[in-house]
Amino acid sequence: MQRRTFLRNTSFTLGALSLANQKIFAAWLQDNPWKMKMLRDDIGIFTEKGGTIAYLLSKKGIVVVDAEFPEQSKHLIDELKKQSDKSFEMLINTHHHGDHTSGNISFKGIVKDVAAHTNSLANQKTVAIAQKTEDKQLYPNITYGDSWSYKIGKEHIKTYYFGPAHTNGDSIIHFQHANIAHMGDLMFNRRWAFIDRSAGASVKNWVTVLDKTISTFDNDTIFIFGHAFDPEKVTGNKDDLKAMQDYLSKMLDFVTKEIKSGKSKDEILKEKSIPGVTEWQGDGIERGLQATYEEVINTII
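Just so we're clear, the structure is a prediction, and the values are computed from it rather than from any experiment.

Trainee: Even after reading the chapter, I still don't get the overall build of the protein chain, so can you show me in this structure?
Mentor: Within the protein chain one finds 10 helices and 15 strands. Within the protein chain, the proportion of its 301 residues that are buried is 52%. The long-range share in the protein chain, meaning contacts at least 24 apart out of those at least 6 apart in sequence, stands at 63%. As displayed, the protein chain offers around 14,200 Å² of accessible surface, 49% of which is attributable to carbon and sulfur atoms.

Trainee: Explain the sheet that holds strand 7 (residues 142-144) here, please?
Mentor: Picture the strands of a sheet paired through backbone hydrogen bonds; they go either parallel or antiparallel. Pairing is mixed in the open sheet, where 7 strands are placed in the order 1-2-3-4-5-6-7. This sheet does not close on itself; its edge strands, each paired only once, are strand 1 (35-40) and strand 7. Adjacent strand axes in the sheet meet at a mean angle of 20 degrees, parallel and antiparallel pairs treated alike. Both strand 2 (residues 43-47) and strand 3 (residues 53-58) contribute to a ladder of 4 bridges, which runs antiparallel. In the sheet register, I43 faces strand 3, and the bridge partner there is L56. Packed onto the sheet, helix 4 (residues 70-83) meets strand 1, strand 2, strand 3, strand 4 (61-65) and strand 5 (88-92) and runs at close to 20 degrees relative to strand 3.

Trainee: Can you walk me through the nonpolar core in this structure?
Mentor: Buried together is how nonpolar side chains tend to be arranged in soluble globular proteins. Counting residues in hydrophobic clusters, the biggest one holds 43 residues, and the most contacted among them are W206, M244, Y247, L248, M251 and I274. Broken down by secondary-structure element, the contributors of at least two residues to this core are helix 7 (203-216), helix 8 (238-260), helix 9 (265-269) and helix 10 (285-300). Per-element tally for this core: the top contributor is helix 8, with 10 residues. If sequence neighbours within four positions are ignored, I274 has contacts with W192, Y247, K250, M251, F254, I285 and L289. By size, the runner-up hydrophobic cluster in this structure holds 22 residues, among which are V63, M90, I152 and V234.

Trainee: Got a minute to help me understand the sheet that holds strand 13 (residues 222-224) in this structure?
Mentor: Sheet architecture is open: 6 strands sit in the order 8-9-10-11-13-15, paired in mixed fashion. The sheet is open, and its two borders are formed by strand 8 (147-152) and strand 15 (235-236), each paired with just one other strand. Looking at chain direction, strand 9 (residues 155-160) and strand 10 (residues 172-175) are connected through 4 bridges and run antiparallel. By the bridge assignment, T159 is partnered in strand 10 with I173.

Trainee: For this particular structure, what's the right way to read the layout of surface pockets?
Mentor: To find leftover empty space, one rolls a probe the size of a water molecule over the atoms. In this model, the second largest pocket occupies a volume close to 240 Å³. Every element with two or more residues in the lining of the second largest pocket is listed here: helix 5 (98-101) and helix 6 (118-131). Of the residues forming the lining of the second largest pocket, the biggest block, 5 residues, is contributed by helix 6. Looking at the lining of the second largest pocket residue by residue, the classes come out as 3 nonpolar, 11 polar and 1 charged.

Trainee: I tried to follow helix 8 on my own but got confused; where do I start?
Mentor: Along an α-helix, residues three or four apart share an orientation, since each turn contains 3.6 residues. The end-to-end C-alpha distance of helix 8, which contains 23 residues, comes to 33 Å, matching closely the 33 Å that a straight helix rising 1.5 Å per residue would cover. Between a side-chain oxygen at the N-terminus of helix 8 and the backbone nitrogen of D239 the separation is 2.9 Å; the capping residue is N237. The first or second residue beyond helix 8 is G262, which carries a positive phi of 100 degrees.

Trainee: For this particular structure, what's the right way to read the packing of helix 8 against helix 10?
Mentor: Think of two packed helices as two axes; the pair is described by the angle between the axes and how far apart they sit. Contact geometry for helix 8 and helix 10: axes closest at 9 Å, N-to-C directions at 55 degrees. On the basis of their axis angle, the class for helix 8 and helix 10 is oblique. Considering how the two elements wind past one another, helix 8 and helix 10 form a crossing that is right-handed. Of the residues in helix 10, those in contact with M251, L252, F254, V255, T256, I259 and K260 of helix 8 are G288, L289, T292, Y293, V296, I297 and I300. Partitioned by chemical class, the residues of the contact of helix 8 with helix 10 number 10 nonpolar, 3 polar and 1 charged.

Trainee: Sorry if this is basic, but what is going on with helix 7 here?
Mentor: Here helix 7 spans 20 Å end to end across 14 residues, near enough to the 20 Å set by a 1.5 Å rise per residue. What helix 7 keeps buried is the set V203, W206, V207, V209, L210, T213 and I214. Buried positions in helix 7, seen along its axis, are confined to an arc of 160 degrees and lie on one side of it. The exposed residues of helix 7 that point more than 90 degrees off its buried face are K204 and S215. Residues of helix 7 that are buried make contact with strand 10, strand 12 (188-189), strand 13, helix 8 and helix 10.

Trainee: What am I meant to see in the pattern of salt bridges here?
Mentor: Here the idea is simple: oppositely charged side chains can pair when their charged atoms come close. Under the counting rule described, the total for this entry stands at 10 salt bridges. Across the pair R190 and E279 runs a salt bridge, and its minimum N-O distance is 3.3 Å. Note that R190 is positioned in the loop between strand 12 and helix 7 and E279 in the loop between helix 9 and helix 10, a separation of 89 residues in sequence. One salt bridge connects D246 with K250, and the closest N-O pair in it is separated by 2.7 Å. Pair noted here: D246 and K250 are both in helix 8, with a separation of 4 residues, about one helical turn. K250 gets classed as partly exposed once you look at its relative accessible area, which sits at 27%.

Scoring rules and cut-offs
Per chain, the residues get numbers from 1 upward, laid out in the order the sequence is written. For a predicted model such as this one, the threshold for reporting local features is a pLDDT of at least 70, and the threshold for listing and counting side-chain atom pairs is 80 or more; totals across whole chains, interfaces and linings nevertheless cover every residue. Side-chain descriptors were evaluated using all non-hydrogen atoms of the structure, hydrogens and water having been removed beforehand. Put simply, DSSP marks the helices as runs of H or I at least four residues long and the strands as runs of E at least two long, and each gets a number from the N terminus on. Working definition: with a 1.4 Å probe on protein chains only, accessible area under 20% of the residue-type maximum means buried, over 50% means exposed, and in between means partly exposed. It only takes one pair of heavy atoms within 4.5 Å for two residues to be counted as in contact. Only the protein chains shown count as cover for residues, and the accessible areas themselves come from Shrake-Rupley with a 1.4 Å probe. At least two DSSP bridges between two strands are needed for those strands to be called paired. For helices, the fitted axis covers only the stretch in contact; all axes are lines through C-alpha atoms, and the angles between them, taken along N-to-C directions, range from 0 to 180 degrees. As used in this record, nonpolar core signifies buried Ala, Val, Leu, Ile, Met, Phe, Trp, Tyr and Cys residues forming a set joined through side-chain atoms within 4.5 Å. Buried and open spaces are told apart on a 1 Å grid over the protein atoms alone, a cavity being a set of points where a 1.4 Å probe fits but cannot get out and a pocket being an open set with protein on both sides within 12 Å along at least five of seven lines. Residues with an atom within 4 Å of a point are the lining residues. Grid points are joined across faces, edges and corners, and a volume is the space filled by probe spheres set on the points. Each residue is assigned to one of three groups, with Ala, Val, Leu, Ile, Met, Phe, Trp, Tyr, Cys and Pro labelled nonpolar, Asp, Glu, Lys and Arg labelled charged, and all others, Gly among them, labelled polar. To estimate the expected span of a helix, count its residues, drop one, and scale the result by 1.5 Å. Any pair of nitrogen or oxygen atoms within 3.5 Å is treated as a polar contact; in protein, a donor-acceptor pairing is required on top of that, and neighbouring residues in sequence qualify only through side-chain atoms on both sides. Angles are sorted into four bins: roughly parallel if under 35 degrees, roughly antiparallel if over 145, roughly perpendicular if 65 to 115, and oblique for all others. Crossing chirality is assigned from the near helix's rotation relative to the far helix, an anticlockwise turn below a right angle marking it left-handed and a clockwise turn marking it right-handed. Of all possible arcs, the one meant is that of the directions from the helix axis to the C-beta atoms. The salt bridge criterion pairs a side-chain nitrogen of Lys or Arg with a carboxyl oxygen of Asp or Glu, the two atoms within 4 Å.

Spelled out as structure tokens, the structure:
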């Protein structure tokens, strides 16, 4: 049964249970808030709170992509230990945001190496220093630029960096044998995207990044998304990438036209929709509009 359907029916189920059984059932939900799902070959995903995690259960060891938060990463580690007696060989971060790297600390003393793009490490350090949380970090000890490769067992892992987008340090992690690509927060599936200007984000180049991604991978590639409006849809295909690209392009065009027509920043941020964008939902449209405004205004003035 799909977890979303299961949770949707929970209220009906609880109504039919005795008070004692309700307490047992509620405790079970609290103790099992996460979901694990195998995608292809030995690769699966873990979702609980934060950005989607991918994991590889190789006969030569375990590889994890992203780490959510400390509590969630401990849940993941415990579950993976139940499924495999192999060592944790590699943890890779798609970018620096806390809902993808705060859980790194749970891997301290467990995983052999942590890898990320050079800019991702720099951003992680900058944020940790500002927030005085350096003691709660496990920083990458391996950094890379445009590309990096890692082999474990039959799986070849390759990273791609196509320039600034969601931040200036987002990389795509491709499991080549399984043909699964973790997009991190380069993909917010049907959910308004967070655009981190403080970390070098670029809406304009994000459109280009998605175009390069579509050209790089084939139609059989399974894409893992950092976030999705529907929690069941954190994986998808090129059509989803094209839809994301279209949304960003329309937002860029809309804000540009509004500025040129004389609209103020406050007027633009009051908008509740973007012309031609019908699938994107949730909270945060104003954050995207503001980031786009800040990027575009300097090119017009």
